Amino acid sequence: MSGEPPTCDRLWTKARLATMSPSVAAPYGAVEDGVVAARDGRILYVGPRSDAPAFRAAETIDCGGRWITPGLIDCHTHLVYGGDRAHEFELRLQGASYEEIARSGGGILSTVKATRAASEAQLFASADRRLSALIAEGVTTVEIKSGYGLEQQAEIKQLSAARRLGRERPVRVRTTFLGAHAVPPEFKGRSGDYTDLIAGSMLDAIAAQGLADAVDVFCEGIAFSPEETRTVFAAAKAKGLAIKIHAEQLSNLGGAALAAEMGALSGDHLEYLDEAGVMAMAQAGMVAVVLPGAFYFLRETQKPPIELLRKHGVAIALATDANPGSSPLTSPLLVMNMACTLFRLTPEEALAGLTCHAAKALGLQDEIGTLEAGKACDLAIWDIERPAELAYRIGFNPLHARIWNGQ
């Protein structure tokens, strides 16, 4: 009958909402006395209680004045790998640089050896523990890169373990093929041959099995040149895959501008990015993914150009960069604090970096990242008095509840 109240599966009431939606003028897109209604895993209504229909809800949850944000999104991780690199941590404390360790056969290549030796079940089990730490802090979507196999079957093994995490855990997983992470030892001095292999049979096999949502390249002096990067990106685009880039972390090779030219979703790291690169990213609508965990752990001094990114309107996302060598970090809350203390982001920018801008970095801005009707009902409910607490506290997790797809 017409005039009957709408029905929903779950209704969250007496909540304060940080919608992160640009359509809400207040800081954080805040709604003080808010309601969220969900049906079939989607947000049916979000907004002021005074404007909400009189829902008939199968379940009603009284939030007691707690804050609700979008579920957090970790848009750059290397969660699936074998072994660890604690020994290299000791070497760096004794004065060795990241580049020196990499050139002597350590770094990424030491993890490659451990990853190749591990079974897919072992890779899944170790990554599952790391994923649990992210979920415990409100993460509902995570991107997972390969890049520690550097040969076809080992890369497939990593991506298969990542896909399994998405099937077996209550979290949305996006996978990225990062075969161009380092030149494997068997191709030493022949990076062009390895690039051709990535862009050819490796990408063919991974795309045929549907194992990757995107393709990434580490464009850097110790990794792949801009020309080699272009080769991989062209092959990825021919397969209909999104592209992303690790760029300007240790030097400025113009990787971000190249990625912008080719329609990349994001440029990540970016410590040495110049204004021309920022402008290219802005024109292309690319997201800048800054990774304070790696900056901190490697004791870098060159900060990403936050003011230039702001000046040109480039969206700034944050991520843990969870990996064994340069950012063994699985706390998005600590990432928010680091972004504020090290890079001088505001707490509102930090939360946007792990919600709406992180969603855009994955090409998922129409699905997640803000509290808006029609989007997936991914929520994080926090025991806090104001959203700035999420970036302010260190080593404290105020998560009260995490909702993924309405559950």
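Since the model is a prediction, treat every value here as computed from it, not as a measurement. (Residues numbered from 1 in each chain as written. Predicted model: local features only at pLDDT ≥ 70, side-chain atom pairs only at ≥ 80, totals over all residues. Heavy atoms only, no water.)

With numbering matched to this structure, UniProt assigns "binding site: Zn(2+)" (unreviewed entry) to H76, H78, H246 and D321. A maximum C-alpha distance of 12.4 Å places the annotated residues, which cover 246 residues in sequence, within one compact spot. As for its placement among the helices and strands, H76 is situated in the loop between β6 (72-74) and α1 (86-93). The buried category is assigned to H76, whose relative accessible area is 0%. Look past the residues within four positions of H76 in its chain and what remains in contact with it is E143, K145, H246, D268, H269, V289, L291, A319, T320, D321 and A322. With respect to the helices and strands, the residue H246 is situated in strand β10 (residues 242-247). Residue classification places H246 among the buried residues on the basis of a relative accessible area of 3%. (UniProt positions renumbered as here; feature names shortened; annotations may be inferred. Helix = DSSP H or I, 4+ residues; strand = E, 2+ residues; numbered from the N terminus. Buried < 20%, exposed > 50% of the residue type's maximum accessible area, 1.4 Å probe, protein only. Contact = heavy atoms within 4.5 Å.)

With respect to burial, strand β2 (residues 30-39) is a largely interior element, seven of its 10 residues being buried. Note: strand β1 (residues 7-18) against β2, six bridges, orientation antiparallel. Paired with R10 across the strands is A38, a residue of β2. Strand direction decides the pairing type here: β2 and strand β3 (residues 42-48), joined by six bridges, are antiparallel. Bridge pairing in β3 places R39 opposite R42. Counting the residues that bridge the hairpin from β2 to β3 gives two residues, and of these D40 lies at a positive phi of roughly 55°. (Pairing = 2+ DSSP bridges.)

Here we come to the state of the cysteines. The full count for this structure, using the stated rule, is zero disulfides. A disulfide-free cysteine, C8 has its sulfur positioned 9.9 Å from the sulfur of C377, the nearest such atom. Left without a disulfide partner, C75 is nearest to the cysteine sulfur of C356, which lies 11 Å away. On the basis of relative accessible area, C75 is assigned to the buried category, the value being 0%. (Disulfide = S-S within 2.5 Å.)

A few words on unusual backbone geometry. Of note, Y28 is a non-glycine position whose phi angle comes to about 65°, a positive value. Look at Y28 and you get buried, because its relative accessible area is 12%. Backbone geometry places E248, a non-glycine residue, at a positive phi of 55°. A residue is classified by how much of its surface remains accessible, and E248, at 1% relative accessible area, is buried.

It is worth spelling out the packing of helix α6 (residues 191-208) against helix α7 (residues 226-238) at this point. For the pair α6 and α7, interaxial distance at closest approach is 10 Å and the crossing angle is 5°. Compared by their axis directions, α6 and α7 come out roughly parallel. Residues S191, G192, T195, D196, I198, A199 and L203 of α6 lie in contact with α7, whose contacting residues are E228, T231, V232, A235 and A236. For the contact of α6 with α7, the per-class residue count stands at six nonpolar, four polar and two charged. (Axes fitted to C-alpha atoms, helices over the stretch in contact; angles between N-to-C directions. Parallel < 35°, antiparallel > 145°, perpendicular 65-115°, else oblique. Nonpolar A, V, L, I, M, F, W, Y, C, P; charged D, E, K, R; others polar.)

Here the focus is the UniProt feature "binding site: N-formimidoyl-L-glutamate" (unreviewed entry) in the protein chain. Sequence positions flagged by UniProt for "binding site: N-formimidoyl-L-glutamate" (unreviewed entry) are, in local numbering, Y148, N323 and G325. Maximum C-alpha separation among the annotated residues is 11.3 Å over a sequence range of 178 residues, consistent with a single clustered spot. Residue position: N323 is located in the loop between β13 (316-318) and α12 (332-343). Apart from the residues lying within four places of it in its own chain, the contact partners of N323 are H78, Y81, Y148 and P328. A distance of 2.7 Å separates a polar atom in the side chain of N323 from the backbone oxygen of D321. Locating G325 in the fold gives a position in the loop between β13 and α12. Setting aside residues up to four positions removed in sequence, G325 forms contacts with R85, R92 and F297. (Polar contact = N/O pair within 3.5 Å; in protein donor to acceptor, adjacent residues only side chain to side chain.)

Each domain of the protein chain was delimited in the assignment, giving domain 1 (7-70 + 370-403) and domain 2 (72-361). Of note, the centres of domain 1 and domain 2, computed from C-alpha atoms alone, are 30 Å apart. The interface is formed by 24 residues belonging to domain 1 together with 22 residues belonging to domain 2. Interface area, domain 1 with domain 2, both sides summed: about 1700 Å², of which 63% is carbon and sulfur. The largest share of the area that domain 1 buries against domain 2 comes from M20, A391 and R402, three residues that together contribute 35% of it. A salt bridge links D378 to R172; the nearest nitrogen and oxygen atoms lie 2.6 Å apart. (Domains from an automatic or database assignment. Buried area = accessible area lost by both parts, 1.4 Å probe. Salt bridge = Lys/Arg side-chain N within 4 Å of Asp/Glu carboxyl O.)

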